[in-house]
There are 2 protein chains.
Amino acid sequence: MPTAETPKPPYYAVIFTSQRTDGDRGYGEMAGRMEELAAGQPGYLGIESAKGQDGFGITVSYWSDEAAIVRWKANLEHREAQDAGRKTWYAGYTIRIAKVERAYGFVPSGGG
Amino acid sequence: MPTAETPKPPYYAVIFTSQRTDGDRGYGEMAGRMEELAAGQPGYLGIESAKGQDGFGITVSYWSDEAAIVRWKANLEHREAQDAGRKTWYAGYTIRIAKVERAYGFVPSGGG
């Protein structure tokens, strides 16, 4: 998954760190569906995700403002996934809502 | 790597997303040293990291305030690692500095 192309700050980030339970048990399908559903929400700016082989993962989604985050959390299909996540997929998670104030990056010169 | 145990917000997060070049070339040793060095800095609160097999990784470090982040960025040994990172280890990266405003989590009841 590449870096999300986000606009100039300020905007918001939801930092979701999680420890998965063993086995897929429908997780992959749900995760794909949630990314698709999130991308269609008002205020959605992008998403980045990385998961190590130890099952510890970080997903950061970017949003224009806090109201967009609150709406996404309350989305019915997303709420069903949240419930299933607590029952089945996650051994634990932490969610942090943060306001991105500055951003910068590096791309090698002459890179393709 | 487990979830970082951070205090009650507000505090700051540095969201570092990167695409690695191929091969280790001393990266693992440097990354371990930088985590150790960061942990000794004033204002350091914790770090979380996940990297997929595609070489895309997310590292989030947590800090008490912006001044701590500025000091860490300017640390001489860290600056040398930043230079080496641009020359050798990273095909590209993005750094976002964000103020964590809210946080909550989930741990299964009865879990051990």
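Residues numbered from 1 in each chain as written. Chains lettered and ligands numbered in written order. Predicted model: local features only at pLDDT ≥ 70, side-chain atom pairs only at ≥ 80, totals over all residues. Heavy atoms only, no water.

### Quick look at the relation of the copies chain A and chain B
The second copy of the chain is related to the first by a rotation about an axis and a shift along the axis. Turning chain A through 180 degrees and shifting it by 0.0 Å along the axis lays it on chain B, with an RMSD of 0.0 Å. Such a combination of turn and shift is consistent with a two-fold rotation axis. When the interface residues of chain A are mapped onto chain B, 100% of them again fall at the interface, so both copies present the same face. (Least-squares fit on C-alpha atoms with pLDDT ≥ 70 in both. Contact = heavy atoms within 4.5 Å.)

### Concerning the sheet that holds strand 2 (residues 44-51) of chain A
Taken together, eight strands build an open sheet; the order of strands is 2(A)-3(A)-1(A)-4(A)-4(B)-1(B)-3(B)-2(B) and the sheet is antiparallel. Edge positions in the open sheet fall to strand 2 of chain A together with strand 2 (44-51) of chain B, since each of these has one partner strand only. Ignoring which end each strand starts from, the neighbouring axes of this sheet average 25 degrees apart. Note that strand 2 of chain B and strand 3 (residues 56-63) of chain B share seven bridges and pair antiparallel. The residue of strand 3 of chain B that forms the bridge with G46 of chain B is Y62 of chain B. (Pairing = 2+ DSSP bridges. Helix = DSSP H or I, 4+ residues; strand = E, 2+ residues; numbered from the N terminus. Axes fitted to C-alpha atoms, helices over the stretch in contact; angles between N-to-C directions.)

### Thoughts on the interface of chain A and chain B
Accessible area lost during the coming together of the parts is what is often quoted as the interface size. At the junction of the two partners, chain A supplies 43 residues and chain B supplies 43 residues. Summed over both sides, the interface of chain A with chain B buries roughly 3,700 Å², with 54% coming from carbon and sulfur. Three residues, R96, Y104 and F106 of chain A, lead the burial of chain A against chain B; their summed loss comes to 21% of the area buried on that side. One can count four salt bridges joining chain A with chain B. (Buried area = accessible area lost by both parts, 1.4 Å probe. Salt bridge = Lys/Arg side-chain N within 4 Å of Asp/Glu carboxyl O.)

### Regarding the packing of helix 2 (residues 66-74) of chain A against helix 3 (residues 76-89) of chain A
The description of two helices packed together rests on the angle between their axes and the distance between the axes. Residue and element names in this part refer to chain A. Two elements in contact, helix 2 and helix 3, have axes separated by 5 Å at closest approach and are oriented at 65 degrees. Taken together, helix 2 and helix 3 sit at an angle that is classed as roughly perpendicular. Counted together, W72, K73 and A74 of helix 2 and L76, H78, R79 and Q82 of helix 3 form the full contact between these two elements. In terms of residue class, the contact of helix 2 with helix 3 is built from three nonpolar, two polar and two charged. (Parallel < 35°, antiparallel > 145°, perpendicular 65-115°, else oblique. Nonpolar A, V, L, I, M, F, W, Y, C, P; charged D, E, K, R; others polar.)

### Focus: the environment of S18 of chain B
Residue and element names in this part refer to chain B. Locating S18 in the fold gives a position in strand 1 (residues 11-20). What makes S18 buried here is its relative accessible area of 6%. Placed 44 residues apart in sequence, S18 and Y62 show a C-alpha to C-alpha distance of 17 Å. If we ignore the near neighbours within four places in the chain, the residues touching S18 are G55, F56, G57, Y90, G92 and Y93. (Buried < 20%, exposed > 50% of the residue type's maximum accessible area, 1.4 Å probe, protein only.)

### Let's talk about the packing of aromatic side chains
A complete count under the given rule lists 18 aromatic pairs over all chains for this structure. Taken together, a centroid distance of 5.2 Å and an interplanar angle of 40 degrees make the contact between Y93 of chain A and F106 of chain B tilted. Here F106 of chain B lies in strand 4 (residues 90-106) and Y93 of chain A lies in strand 4 (residues 90-106), a pairing that spans two chains. Between the aromatic rings of Y27 of chain B and Y90 of chain B, the centroid separation amounts to 6.1 Å while the plane-to-plane angle is 85 degrees, which identifies the pairing as edge-to-face. Linking Y27 of chain B in helix 1 (residues 27-39) with Y90 of chain B in strand 4, this pair joins segments that are 63 residues apart in sequence. Judged by relative accessible area, which is 15%, Y27 of chain B ranks as buried. The exposure class assigned to Y90 of chain B is buried, which follows from its relative accessible area of 10%. Three or more aromatic residues joined by ring pairs make a cluster, and in this case those are F16, Y27, W89, Y90 and Y93 of chain A together with F106 of chain B. Note that R20 of chain A overlies the ring of Y27 of chain A, its terminal NZ or CZ placed 3.8 Å from the centroid. Sitting over the ring of Y62 of chain B, R96 of chain A keeps its end group 4.2 Å from the ring centre. (Phe/Tyr/Trp six-rings, centres within 6.5 Å; stacked < 30°, edge-to-face > 60°. Lys NZ or Arg CZ within 6 Å of the ring centre and 35° of its normal.)

By themselves, these observations are geometric and do not establish any function.
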